[in-house]
Amino acid sequence: MKTTKKDTTTSTSEGEEKKLSAFSVNELVQKFYVDRTPLPIELEIMTVPSLLEYAKKALSTCDRPTIEDISSSSPSEKETWLLYHYIQEQMDHLGEESMIWSDVHRQYRAMLNRKPESSLPSIGAKKSKSTTGGAKASSKEEMELQTRTKVYAAAYDEWKGDSLKLELLPSLALRDAVVSLSSSSPTIPQSMTDIVQDCHCSLIHQMERLEAMAIIVQKKSKTAAKDALSMWEALLSFISPLMGECGDGDTLASNVTLRSLLESCSEAVVVASWMCEPLVESGDDVSCEIKNLPKLLSDAQSFLTACKSGRVEEKRLLDEKNEEESVLSSKESQSDLEKKSALRLECAIETSRCRAEIDSALLDVDVVEINTVTAIARRATISAAGGFKHISDCNSPLLSATSSKALFGTPYLHFLSVWSGMYLSPWPYCNVGQARTILKQARDALRLSTKYWGRRPSKLEQVLLDIGEADLENGLLGGNSDASDRLYNHALAKLEGKDGGDTSVNAIVRGSLRVQCLIGLAKQSLSSGNSEVAETQARRALDLLLSSDPTLNQGDVPTLLCSYTWCAPALNQLSHSHQLCSSRQLVAEACIQSSRFDDARSFLTDAVKEVPGNFDAAFSLASFHLRMQCLGKECDENETRKSLLRAAKMDTSKASPFALLGIWYESKSDAKRAEGCYQKALSLDASHPVAGRGLQRLIELKDLVPHCKKAIEQNSPVNGWAWQALGQSKAVNEGDDSTAVICFQQALRCRDIQNPSSDMLGAFYRYTEMTAIVYSEASMTWVELATCYRRMGKYSAALRAYEEAASTGILPPAALCSWAQCDLDLGLYAEAAEKCDDVLACDDCSAELIRMASYIEAESLLSIARTDIQGGKNGSCRSHLVKAITRLEGLSPQNSTYCEIKLLGDLYSFGEALPPYVFDQMSSSEGEEQDADSSLPTEVEDKLSFIRKGEEAYAQALELVTRIDDEEEDKLFLLAATGTDLGINLLSQARTIAVALGDGSGGVAKTTIVDLATESDRVKDLILRSINAFSQAIDHSPNDAGAWCGLGSALIFVDPLLSQHAFCRALQIDKSIAEPLSSIALLYADYDKTEKSAEILDALTQLEDTPLMWIGRGLLLEKTSRAWHDSPASREGCLTRASDAYRASLQIMQHPAALLGLSLTCRRADADVQISNDQLYSSLADHSSKIESRISMTLHQSSTGGGNIGASLIDGLFRIEEGLDAPDSSEVSRMMKEGVERIERARSRSSSKISNDISSSVANCEIDLPLAASLQKKDNGEFPNDGIEKSLNEAARDFAHDISAALHEHSLDQARNAVVLNPDSGESWLLLAKELAQAASSLNDDAATSETLSSAKAAADKALDLLQDQLLNASLIAPRRKAVHHENLIEYSEKSVVSAIPPSALVSDAMSLVSWLGSMAEENQSRGDCATLQESLLLDPLNEVAATALGL
């Protein structure tokens, strides 16, 4: 052994072949160490045992080298001494590796022999995932893992038999040698570098082996905790000397193997501390190795940081080298082992940092700074919320990121730092989503650490997770309060030993956690308004705190990672103080909610006496005094100020006392001192919510911006006030709505905006409104955000923001007005009107807001009225108009604006669309002069009076516009718009009179508006004034298409040529409006220019789908049908298409002209066409067309007031026809009478003349009009008076005959014969049932009566079944279609119809009869019979049987 290295080199350079047994020890070392012979695993596997055997024999012949004083030994002696221990350790290592790999090769060859050749894996085959112990391995890696586990388990069992003595480890001597060498000489001689590096690698392997053995032992389900803890203690004992003596920051930078050694040691310490936590908790005694863990963790953090720096520097040098070389050489990738090593390093650094930060906060201090732990929580939140991206990037096939984090406990330790619930407000920097994610990662880490590494979670860890989740759901916005209540109670039961809970947790830790649960339950009870329960829970927490001593020395308590934060005296003091302050404030808050202010004051005063030097107690009392002062309660204001000053002097680093002092001075109107206090508070805490809001009340917004910018830099959860103020500045001062939106969104994420009640100082956020109605700050922020969205044109986003605002609190009237305007812009008229009603119902609404809300509501109601009139809801339309007018007329007329007056005119003018009967009860006001034309009904005069008020409003609006300065750009536009509206109103009055006098009646009566323009001075005056108004509007704005279109509409009654020119001019100005085109088309159709009219209607089709376009097509088709007088089928086809056109018009709007056209064209008038098809189809089609025609005519008469004489005649005939078809004789009489009266009234109107007008003068027209119309229309034919007279006479005869037939009593035999002749007729069976029931009532024999009633019941059941079957199985019946040729085009004149559906009255009779007969047979009425009777009464309210049976 004393032969030098040079000699051995010479002896082997001769090239002589020697047997292995002939090698000396020096030659053996030279062969396998100096010359670096490949590892035996790369040689033939069978040579390893013999090689080790010869090496052991050779080593046994050598003397064991000893060094008494290593510091004085020569390098050669040190090398020989170190080499001896290295060889001894390597022989044991190679022996174990040989055993493992020989078994792996054996298994692998056996597997290959079992597999077919096609399934042999290729060299580049993808590695399969490793399996657990019981699974059959399918790759070398899995075989190695299973074999190594088996070998290590056997080694542990053998070592355990020797009581796990560390001295028995072969590598212990090598470790001691390396430690001794490192302690004696800081620098290693150059000649020893290689041997020292190999020793480091050997020690790394031994640490990995011990760690693997510890995990294997811990994963065994039957292993006692003491055995697993002993393995980790052995690992720590092995590591401790290495970390104590080998660590040197300067050496780590250059020595890669030493860096790897210390890196592995540090990682093992972090893993051991995490894996030992549940074992220490369940153990009785704690070894010195476990007690030494805090120091080892501190050293591990520094070593890991140095190792990380070394890796970074090494990578930098490698990158520089690659840049100098070729591009291809720079594309090297990390191996799987390198990725695994990097992943373990990142997890170890992240885990140890959590502990190291707390260590630095507790270093040599008696009291922990709150800012320090706050910064720790903020950094942990940033790291955890990022999902540990830097760890996930190191993912390796040999070790996944999630498995590695579970091995080190990284997510769980981050959870503890982020939560910080014992000494801070829980989850201070998280929203609910982030907190839930972090909590889930922590739970997953515990689950995976059990699954992969055998670590079973401790009772304390589970309780901490439950409490953290409960704080999450209870304290953060969007949490589930029900879940938090369950979690608090569950954790409390465990801590108190209930429900199988474990009380082995340290008493001080258990007491702190119980207090945390009680405080959380008290907060939840307060938020739900249960102050009594909250006070009880808070008092329990306070009793626990007062009974504990936070300054107790806990040096003997195991201080591992989980419980460390509450076992450290300094941090425990902070936790105790925080919980004491929270519980006292909760008790006081409960007393305040119960209006026991004296109790709250007494309680806090006693608390200050108990702990006179405690800042939290003093500040709680001072804040209570200030709160009483703000609420107007009796208190000593000077004592309030003094208590706040005392609290400020106790801890000058706290901002809250200065903020509340600012409130005190502000309440005394001392703005200067208040501002100084607020600024002092903000200098200590730039994001303080009370100080920031106070300063915002005192200074201008632009001066507050610098303070806001400092506040948002703090990344605080309570700097929402700063974001809100910045948003207001951007929106109001700079007009930057996009940036303002971002600011408001950030504000809404902050806790002081969304949940101010979670802050004990939340009551002081807006102290000036403590005794008034407080609008939620969150809702107001949502409103400001919605306002920005609305100004940006994002109406949908604005609407969602308003909805969120309403869900978070009560909205002020101004916000409701803004919301109503947004609804109006989006077409949500009913919602807008409802919100305006809410605004007008407020007592504190200003006059300006009342005007705004009234205008918005009136505009919304006008839009609703337009929708109602399109759906034929005339009564609803009138109600909305009246309500809107009432709103506008209720405003002060002195301050009326142009828009309000203009809208009022629009409301009155819209009355033209309503039928006259809705104005029946709207009599003119007293003293109002109105024209009394005896030719007009009263309701028409009322309608004219209503519209005329719009004329007055427009005149008033014109007067306001004329007062505007001529330099205003909008003056001419407003004059033109108002003049146009005035002209439309005047024209509407003229049309209303014309319609009432019979416009469009036809016949020889001069009732058209053209005739009335010459016959009636009243109509003529209105038309001429309308022309003048449109002309003046055109003078003000020559390019106003609306004014030209209105002028054309007025001129059409006096000069069609000028009217056509006006419409054409309107189209030249604006080709996108449809009114001129439709008017020209109808004008051409009126003068039989059908081709031109059809051409214009085709053009209008491409522009807009309007009712007049379809009405024009229907008129043209009616004109076309006249040409087919010799072809009934062709005429029928034209009329069918015309009715379809009118139906299309009615789908858009219920226009009276479309109703009249449909009523006249949908009838099947030609008998030849009816004969051409089968009788069933013809009867059904004729019946359905009659119903549609009558309904359309009824709606037309209702909407026009019956002014059209021709339509009134037809309506009378329809009424007579309906009476003849009615089955009830009483209905026949009434309908016939009504029909005759309507015809006689219409005939009398057609023969009368228009009465003279009261109008004494007619306006002069500003346009030169010709004396007569330049175009002549064909004269309409006279009414067919002879035919009408003949129809009346025939109807009278038929009426008498039908009445006598109806009065003729049906006999039972006739009813039976009807059933025999029509066995499938439900009506015949119903008639039989009625006759049988009537016959049974006249019988005296009970048996006969019962039998007859039974037969009647059977007939009624049969009738109901047939009627229901006919109703449910209705189908379309197609005709035998007949082609009609129109200029080589084939059309079909008939369409499918629905099969006959029984009348509702018949079904109702059958249902009521069945129910009544059933109750007669059972002698009592069941609940089902009552329901049937109610259904029958719904079908036919006139059903006497059902009404009598129900007792109505």
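Small disclaimer: the values here were computed from a predicted structure and weren't measured.

Chemist: Describe the overall build of the protein, naming the residues involved and giving the relevant values.
Modeler: Along the protein, the regular secondary structure elements total 63 helices and four strands. By the burial criterion, 48% of the 1448 residues in the protein qualify as buried. Within the protein, residue pairs in contact and separated by at least 24 positions form 68% of the contacts whose partners lie at least 6 positions apart. Roughly 70100 Å² of accessible area belongs to the protein as shown, and the carbon and sulfur atoms make up 51% of that amount.

Chemist: I'd like to hear about the packing of helix H48 (residues 1075-1086) against helix H49 (residues 1090-1103), residue by residue, with values.
Modeler: Interaxial distance between H48 and H49 falls to 8 Å at its minimum, and their mutual angle equals 160°. Judged by the inter-axis angle, H48 sits roughly antiparallel to H49. Note that H48 runs across H49; the crossing there is left-handed. For the pair H48 and H49, the contacting residues are Leu1077, Ser1078, Ile1080, Ala1081, Tyr1084 and Ala1085 in the first and Lys1092, Ser1093, Ile1096, Leu1097, Leu1100 and Leu1103 in the second.

Chemist: Can you lay out the side chain of Gln516 for me, pointing to particular residues and giving the numbers?
Modeler: With respect to the element layout, Gln516 can be found in helix H21 (residues 507-527). Given a relative accessible area of 5%, Gln516 falls into the buried group. One polar contact links Gln516 to Asp471, side chain to side chain, over a distance of 3.1 Å. Ignoring any residue separated from it by four or fewer positions in sequence, one finds Gln516 in contact with Trp419, Gly421, Met422, Pro426, Ile467, Asp471, Tyr488 and Gln579.

Chemist: Outline the nonpolar core, supporting the account with residue identities and numerical values.
Modeler: Ranked by size, the top nonpolar core spans 145 residues in total, and within it Trp232, Phe415 and Trp427 carry the most contacts. Counting residues per element, this core draws most heavily on helix H10 (residues 256-282), which supplies 14 residues. Those residues in contact with Trp427 that lie beyond four places of it in its chain are Phe415, Val418, Trp419, Ala435, Ile438, Gly468, Asp471, Leu472, Leu476 and Arg751. Counting residues in hydrophobic clusters, the runner-up holds 76 residues, among them Ala996, Ile1034, Tyr1084 and Met1109.

Chemist: An account of the packing of aromatic side chains is requested, with residue identities and associated values reported.
Modeler: Within the structure shown, the criterion is met by eight aromatic pairs. Taken together, a centroid distance of 5.8 Å and an interplanar angle of 0° make the contact between Phe415 and Trp419 stacked. Remark: Trp419 and Phe415 occur in helix H17 (residues 410-419); sequence separation between them is four residues, near one turn of the helix. The exposure classification of Phe415 matches that of Trp419, with both residues buried.

Chemist: A description of helix H38 (residues 829-840) should follow, citing residues and the corresponding values.
Modeler: Residue pairs spaced three or four apart in an α-helix point in one direction, given the helix's 3.6 residues per turn. For H38, which comprises twelve residues, the first-to-last C-alpha distance of 17 Å matches the rise-based estimate of 16 Å (1.5 Å per residue) to within 8%. Within H38, burial applies to Ala832, Ala833, Lys835, Cys836 and Val839. Looking down the long axis of H38, one finds its buried residues gathered within 165° of arc, a one-sided arrangement. The secondary structure elements touched by the buried residues of H38 are helix H37 (813-825) and helix H39 (847-870).

Chemist: So what about a negative patch on the surface? Which residues, and what values?
Modeler: Residues Asp965, Glu967, Glu968, Glu969 and Asp970 make up a contiguous surface patch of negative charge. Relative to the helices and strands, Glu968 resides in the loop between helix H42 (938-962) and helix H43 (971-996).

Chemist: Kindly report on the pattern of salt bridges, identifying the contributing residues and their values.
Modeler: Applying the stated criterion across every chain, the model contains 55 salt bridges. Among the salt bridges present, the one from Glu777 reaches Arg693, with a minimum N-O distance of 3.0 Å. Of the two residues, Glu777 sits in helix H35 (residues 777-791) while Arg693 sits in helix H30 (residues 689-698), which places them 84 residues apart along the sequence. Comparing Glu777 with Arg693, the two get one shared label, buried. Between Arg791 and Asp737 there is a salt bridge whose closest N-O contact spans 2.9 Å. Highlighted residues: Arg791 in helix H35 and Asp737 in helix H33 (residues 737-748), separated in sequence by 54 residues. Exposure remark for Arg791: the relative accessible area of 48% places this residue in the partly exposed category. Using a relative accessible area of 12% as the deciding quantity, one classes Asp737 as buried. Via salt bridges that share partners, Glu535, Arg539, Arg596 and Asp599 belong to a single interconnected network.

Chemist: Could you give an account of the packing of helix H27 (residues 637-650) against helix H28 (residues 656-667), naming the residues involved and the relevant values?
Modeler: At a minimum axis separation of 9 Å, H27 and H28 run at an interaxial angle of 160°. Taken together, the axes of H27 and H28 are roughly antiparallel relative to one another. In this structure, H27 crosses over H28, and the sense of that crossing is left-handed. From H27, Glu637, Thr640, Arg641, Leu644, Leu645, Ala647 and Ala648 reach across to H28, where they touch Pro657, Phe658, Leu660, Leu661, Trp664 and Tyr665. Of the residues assigned to the contact of H27 with H28, the class counts are ten nonpolar, one polar and two charged.

Chemist: Now, about helix H47 (residues 1056-1069): what can you tell me, with residues and values included?
Modeler: Taking 1.5 Å of rise per residue, the 14 residues of H47 would be expected to cover 20 Å, and the 20 Å separating its terminal C-alpha atoms lies within 8% of that figure. If you check which residues of H47 are buried, you get Pro1056, Ser1059, Gln1060, Ala1062, Phe1063, Ala1066 and Leu1067. All buried residues of H47 lie within an arc of 160° about the axis, which places them on one face of the element. The exposed set on the far side of H47, more than 90 degrees from its buried face, consists of His1061 and Gln1068. The backbone nitrogen of Leu1057 lies 3.2 Å from a side-chain oxygen of the residue at the head of H47, namely Asp1055.

Calculation criteria
Residues numbered from 1 in each chain as written. Predicted model: local features only at pLDDT ≥ 70, side-chain atom pairs only at ≥ 80, totals over all residues. Heavy atoms only, no water. Helix = DSSP H or I, 4+ residues; strand = E, 2+ residues; numbered from the N terminus. Buried < 20%, exposed > 50% of the residue type's maximum accessible area, 1.4 Å probe, protein only. Contact = heavy atoms within 4.5 Å. Areas by Shrake-Rupley, 256 points an atom, 1.4 Å probe, with all protein chains shown as cover. Axes fitted to C-alpha atoms, helices over the stretch in contact; angles between N-to-C directions. Parallel < 35°, antiparallel > 145°, perpendicular 65-115°, else oblique. Left-handed = near helix turned anticlockwise from the far one by under 90°. Polar contact = N/O pair within 3.5 Å; in protein donor to acceptor, adjacent residues only side chain to side chain. Core = buried A, V, L, I, M, F, W, Y, C linked by side-chain atoms within 4.5 Å. Phe/Tyr/Trp six-rings, centres within 6.5 Å; stacked < 30°, edge-to-face > 60°. Expected span 1.5 Å × (residues − 1). Arc of directions from axis to C-beta. Patch = residues over 30% accessible without salt bridge, like charges linked within 9 Å, V, L, I, M, F, W, Y side chains within 5 Å. Salt bridge = Lys/Arg side-chain N within 4 Å of Asp/Glu carboxyl O. Lys, Arg positive; Asp, Glu negative; His and termini not counted. Charge placed at Lys NZ, Arg CZ, Asp CG, Glu CD. Nonpolar A, V, L, I, M, F, W, Y, C, P; charged D, E, K, R; others polar.

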